[in-house]
Amino acid sequence: MTSHKSARQQAGSDRQGLASLIFRVLADFFRQTATILWVETVKIRRDPFSLFTRAVQPVLWLGVFGTVMARTRAIPTGSVGYLEFMVPGVLAQSVLFLSIFYGISLIWEKDLGILSKYLASPAYRPALVTGKALAAGVRALSQAVVVCVLGLLLGARLVLTPSSILGVLFFLMLGAALFSTFSLVIACLVKTRERFMGIGQVLTMPLFFASNAIYPLSVMPGWLRTLSSGNPLTYQVDALRALMIPGARSAMGLGVDFAMEAAVFAVLVGIGSWLYPKSIR
Amino acid sequence: MTTSADTGIFSVSGERAAIETRGLTRRFGDFTAVDGLDLTIPDGVIFGLLGPNGAGKTTFIRMLVTLLPPTSGEARVAGFDIRREPREVRRRIGYIPQLLSADGGLTGYENLMTMARLYGVPRSERRERVRDALSAMGLSETAGLLARNYSGGMIRRLEIAQAILHRPRVLFMDEPTVGLDPVARRAVWESVRSLRESSGAAIIITTHYMEEAEELCSRVAIMHRGGIAAIGTVESLKEEAGGAESLDEAFVHFTGSSMESGGRYRDIAQVRKTASRLG
Ligand SMILES: Nc1ncnc2c1ncn2[C@@H]1O[C@H](COP(=O)(O)OP(=O)(O)OP(=O)(O)O)[C@@H](O)[C@H]1O
Ligand SMILES: [Mg+2]
């Protein structure tokens, strides 16, 4: 064995070692994330019935609330028709409602031994969390189809270029990932199903009303506007409007919308990864 | 500086021990669930941890599988420190929790694939290992069924299959046969025995059943109120207890209670939950 490596060789092989270590960590991370995503999508595929139950809420909001409010012309939405204004709002809202209860699956898995088994495996915690978040994103995509088709049937004019559709899907994934991870964090903290459902109920409406989902920021009183501008849902709706409504422009800028959501998501993944193992102690 | 998976316990600790603990302690508030355990479990044995409800068996195991940080003390599993090198430990162990841990929404095959991928079994070997594990546990025929339709015994065997795909050095099974009928119980015992012969892994089993310890375990420790009341072979324990006829008698001698006594609501609810089928 050669025990006398020159310093330069040593540094070179260290650097190589570091590069291959980073590569290995990333490869593991992506594989584990993909595994969790796969598990969740397999289950979604087996449960097509929930597609229908989940469609009920947006149908009511858009079909009833939206059409009625559009006739009253009570809410000033500028040059945009109220129905067009509503479609992205209802889409964002239905994804929020869907994602905010996502953490219940974590409590379920904790009460069985499934979570313990995952956590005793070498999988990275952030990979476990991110995999779940992306799965929530996949679930959200079915809502997009329901809401957009309904909107078009009701006569809303929407932008249907490939780039806008891709943009909408991207933001939906991001929004669903964000709110489902928020939900996961809450699930880690409250630990029981009953309390979780209670908190979920308490949280959804404030998040919804303190946003621009069904009325524009411009009609809000100052305090509500301040609250709304700290609400990720506002950025989600802003981005979806900019992408879906012909001639609409983003109030905040798509870049800001993305940066805000991505940052909140990253922070939540961090908190979630930290809380995940604590939830089973 | 990287230690490869298969040299772990010899190169790092220099000792042939699957598990070594020193003063391992866990408190919950004022209550001490595991109280300063010193224990060495050699490689390749089936080790039984016997004790009544609340003795601290599960708490002990959960520390060793890195899910619960100890309040004080140290432990090495497969040669690695559970606090400083938890990922190295996790790579080398299999863990079957006391509660049901197979995913009822997936088929048997999918349950196994999930674990194979999480543990990083190389893609080229995954199918083969999954197939082998299924046939070793007698589940080849039912691999395509959703696990929620499995019987209790099949689920346990599925969980064993999940826990051995990555060829662990140490396998932890927390009450593997609770709630199973005698036939299913025997089937699990058979699987455990053949597993030890084929893999050489150390297998740590907690149990309430004397018969299980007598059937399976080459060494046994009796746990009582967070401590170890006695340790040895089944024979040596009987002798130590003043020539007890059965392990039951020895157990009463060391713990001052029979296995039947005790059992609060939480424990019973847990056993029931384990016994009932998934989802
Ligand atoms: N997370 C916890 N918080 C508070 N107390 C706990 C916790 N986990 C366990 N305990 C207590 O620690 C003691 C030991 O519990 P443990 O589950 O380790 O016992 P066990 O020997 O596995 O019992 P069983 O045979 O019922 O599975 C019990 O009295 C239990 O109530
Ligand atoms: Mg236990």
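Residues numbered from 1 in each chain as written. Chains lettered and ligands numbered in written order. Predicted model: local features only at pLDDT ≥ 70, side-chain atom pairs only at ≥ 80, totals over all residues. Heavy atoms only, no water.

Trainee: Before we move on, can you summarise the overall build of chain B with the specific residues and values?
Mentor: When helices and strands are counted, chain B shows 11 helices and 10 strands. Taken over 279 residues, chain B has a buried fraction of 57%. Just so you have it, chain B exposes about 11800 Å², and 47% of that area is on carbon and sulfur atoms. (Helix = DSSP H or I, 4+ residues; strand = E, 2+ residues; numbered from the N terminus. Buried < 20%, exposed > 50% of the residue type's maximum accessible area, 1.4 Å probe, protein only. Areas by Shrake-Rupley, 256 points an atom, 1.4 Å probe, with all protein chains shown as cover.)

Trainee: Before we move on, could you go through the site of ligand 1 and cite the residues and values that matter?
Mentor: Looking at ligand 1, there are 18 residues lining it, with Gly54, Lys57, Thr58, Thr59 and His208 of chain B nearest. Flanking ligand 1 are residues from chains A and B. The side chain of Thr58 of chain B places a nitrogen or oxygen atom 2.7 Å from an oxygen atom of ligand 1. If ligand 1 stood free it would expose 630 Å²; the protein chains cover 79% of that surface. (Near = heavy atom within 4 Å. Polar contact = N/O pair within 3.5 Å; in protein donor to acceptor, adjacent residues only side chain to side chain.)

Trainee: Give a description of the coordination of the magnesium ion (ligand 2) that names residues and reports values.
Mentor: For a metal with four donors in a tetrahedral arrangement, the ideal angle between donors is 109.5 degrees, while six donors in an octahedron ideally sit at 90 or 180 degrees. All names here are of chain B. For the magnesium ion (ligand 2), every protein donor is listed as Thr58 (OG1) and Gln98 (OE1), and the spread of their distances is 1.8 to 2.3 Å. Here the residue Thr58 occupies a position in helix α2 (residues 57-64), and Gln98 occupies one in the loop between β6 (93-96) and α4 (108-118), the gap between them amounting to 40 residues. We classify Thr58 as partly exposed; its relative accessible area is 24%. (Donors = N, O, S within 2.8 Å, 3.2 Å for Na, K, Ca; no water.)

Trainee: Describe the sheet that holds strand β7 (residues 170-174) of chain B, with residues and values.
Mentor: Residues and elements named next belong to chain B. Spatial strand order, β6-β7-β8-β3-β9-β10: six strands in an open sheet with mixed pairing. For this open sheet the edge positions go to β6 and β10 (227-232), each flanked by a neighbour on one side alone. Averaged over all adjacent pairs, the angle separating strand axes in this sheet is 15 degrees, with direction ignored. Two strands pair when backbone bridges link them, and β7 and strand β8 (residues 202-207) are joined in this way by five bridges, in the parallel orientation. Bridge pairing in β8 links Met173 to Ile205. Packing against the sheet, helix α6 (residues 152-164) makes contact with β6 and β7, and its axis sits at approximately 160 degrees to β6. (Pairing = 2+ DSSP bridges. Axes fitted to C-alpha atoms, helices over the stretch in contact; angles between N-to-C directions. Contact = heavy atoms within 4.5 Å.)

Trainee: Outline the interface of chain A and chain B, listing residues and values.
Mentor: In this complex, chain A contributes 27 residues to the contact, which on the side of chain B involves 34 residues. Approximately 2800 Å² of surface area, both sides summed, lies buried where chain A meets chain B, with 60% of it carried by carbon and sulfur atoms. In this assembly, chain A and chain B are joined by two salt bridges. Across the chain A-chain B interface, the total number found is 11 residue pairs in polar contact (both at pLDDT 80 or more). Counting only elements with at least two residues in the side of chain A that touches chain B, the list comes to α1 (7-45), α4 (104-111) and α5 (114-119) of chain A. (Buried area = accessible area lost by both parts, 1.4 Å probe. Salt bridge = Lys/Arg side-chain N within 4 Å of Asp/Glu carboxyl O.)

Trainee: I'd like a description of the sheet that holds strand β4 (residues 72-77) of chain B, backed by residues and values.
Mentor: Residues and elements named next belong to chain B. The four strands lie next to each other as β2-β1-β4-β5, forming an open sheet whose pairing is antiparallel. Looking at the sheet topology across the chains shown, the edges are occupied by β2 (31-42) and β5 (80-81). In this structure, strand β1 (residues 17-28) lies alongside β4, joined through five bridges in antiparallel fashion. Within the sheet, the bridge partner assigned to Glu20 lies in β4 and is Arg76. The sheet contacts of α2 involve β1, β2 and β4, and relative to β1 the element is tilted by about 120 degrees.

Trainee: Quick rundown of unusual backbone geometry? Include the residues and the values.
Mentor: Residue and element names in this part refer to chain B. One non-glycine residue, Thr66, lies in the positive phi region at around 70 degrees. Accessibility expressed as a relative area gives 12% for Thr66, which makes it buried. Even without glycine at this site, Arg225 takes up a positive phi of about 50 degrees. By secondary structure assignment, the location of Arg225 is in the loop between β9 (219-224) and β10.

Trainee: If you had to explain the pattern of salt bridges to someone new, which residues and values would you point to?
Mentor: Residue and element names in this part refer to chain B. Tallied over the full model, the rule gives 20 salt bridges over all chains. The closest approach of N and O atoms between Arg193 and Glu215, which form a salt bridge, is 2.6 Å. With Arg193 in helix α7 (residues 182-199) and Glu215 in helix α8 (residues 210-216), this pair connects stretches of sequence that are 22 residues apart.

Trainee: Give a description of the packing of helix α6 (residues 125-153) of chain A against helix α11 (residues 254-275) of chain A that names residues and reports values.
Mentor: Residues and elements named next belong to chain A. As a packed pair, α6 and α11 sit with axes 8 Å apart at the nearest point and diverge in direction by 125 degrees. The angle between the axes of α6 and α11 places the two elements in the oblique class. In this structure, α6 meets α11 at a crossing whose hand is right-handed. Residue-level contacts link Arg125, Pro126, Val129, Thr130 and Ala133 of α6 to Phe265, Val269, Gly272 and Ser273 of α11. By residue class, the composition of the contact of α6 with α11 is five nonpolar, three polar and one charged. (Parallel < 35°, antiparallel > 145°, perpendicular 65-115°, else oblique. Left-handed = near helix turned anticlockwise from the far one by under 90°. Nonpolar A, V, L, I, M, F, W, Y, C, P; charged D, E, K, R; others polar.)

Trainee: Give me the lowdown on α6 of chain B, citing residues and values where you can.
Mentor: All names here are of chain B. In a regular helix each residue adds 1.5 Å, so 13 residues correspond to 18 Å; α6 covers 19 Å between its end C-alpha atoms and thus fits that length. Counting buried residues along α6, 12 of its 13 residues qualify, which places the element largely inside the surrounding structure. Residues of α6 that are buried: Gly153, Met154, Ile155, Arg156, Arg157, Leu158, Glu159, Ile160, Ala161, Gln162, Ala163 and Ile164. (Expected span 1.5 Å × (residues − 1).)

Trainee: Lay out the nonpolar core with the relevant residues and their values.
Mentor: Of all hydrophobic cores here, the largest spans 161 residues; its most connected members are Val77, Val170 and Phe172 of chain B. A total of 14 residues in this core trace back to one element, the largest contributor, which is helix α7 (residues 162-190) of chain A. Each residue touching Phe172 of chain B, except ones within four places of it in the same chain, is listed here: Ile19, Ile61, Leu64, Val65, Val77, Ile93, Gly94, Tyr95, Ile96 and Ile204 of chain B. (Core = buried A, V, L, I, M, F, W, Y, C linked by side-chain atoms within 4.5 Å.)

Trainee: Residue-level account of the pairing of β1 of chain B, with values.
Mentor: Residue and element names in this part refer to chain B. Looking at chain direction, β1 and β2 are connected through eight bridges and run antiparallel. Within the sheet, the bridge partner assigned to Arg27 lies in β2 and is Thr32. The hairpin formed by β1 and β2 contains two residues between the paired strands, and Gly29 there has a positive phi angle of roughly 65 degrees.

Trainee: Lay out the packing of aromatic side chains with the relevant residues and their values.
Mentor: Residue and element names in this part refer to chain A. Per the stated rule, a full pass over the model turns up eight aromatic pairs over all chains. With 5.8 Å between their ring centres and 90 degrees between their planes, Phe170 and Phe171 make a pair best called edge-to-face. Plain terms: the ring middles of Phe170 and Phe258 are 5.8 Å apart, the flat faces sit at 35 degrees to each other, and that makes the pair tilted. With a gap of 88 residues between them, Phe170 in helix α7 and Phe258 in helix α11 connect regions that are remote in the sequence. In this structure Phe258 comes out as partly exposed when scored by relative accessible area, which is 37%. Taken together, the ring pairs in this structure connect Trp61, Phe65, Phe97, Phe208 and Phe209 into an aromatic cluster. (Phe/Tyr/Trp six-rings, centres within 6.5 Å; stacked < 30°, edge-to-face > 60°.)

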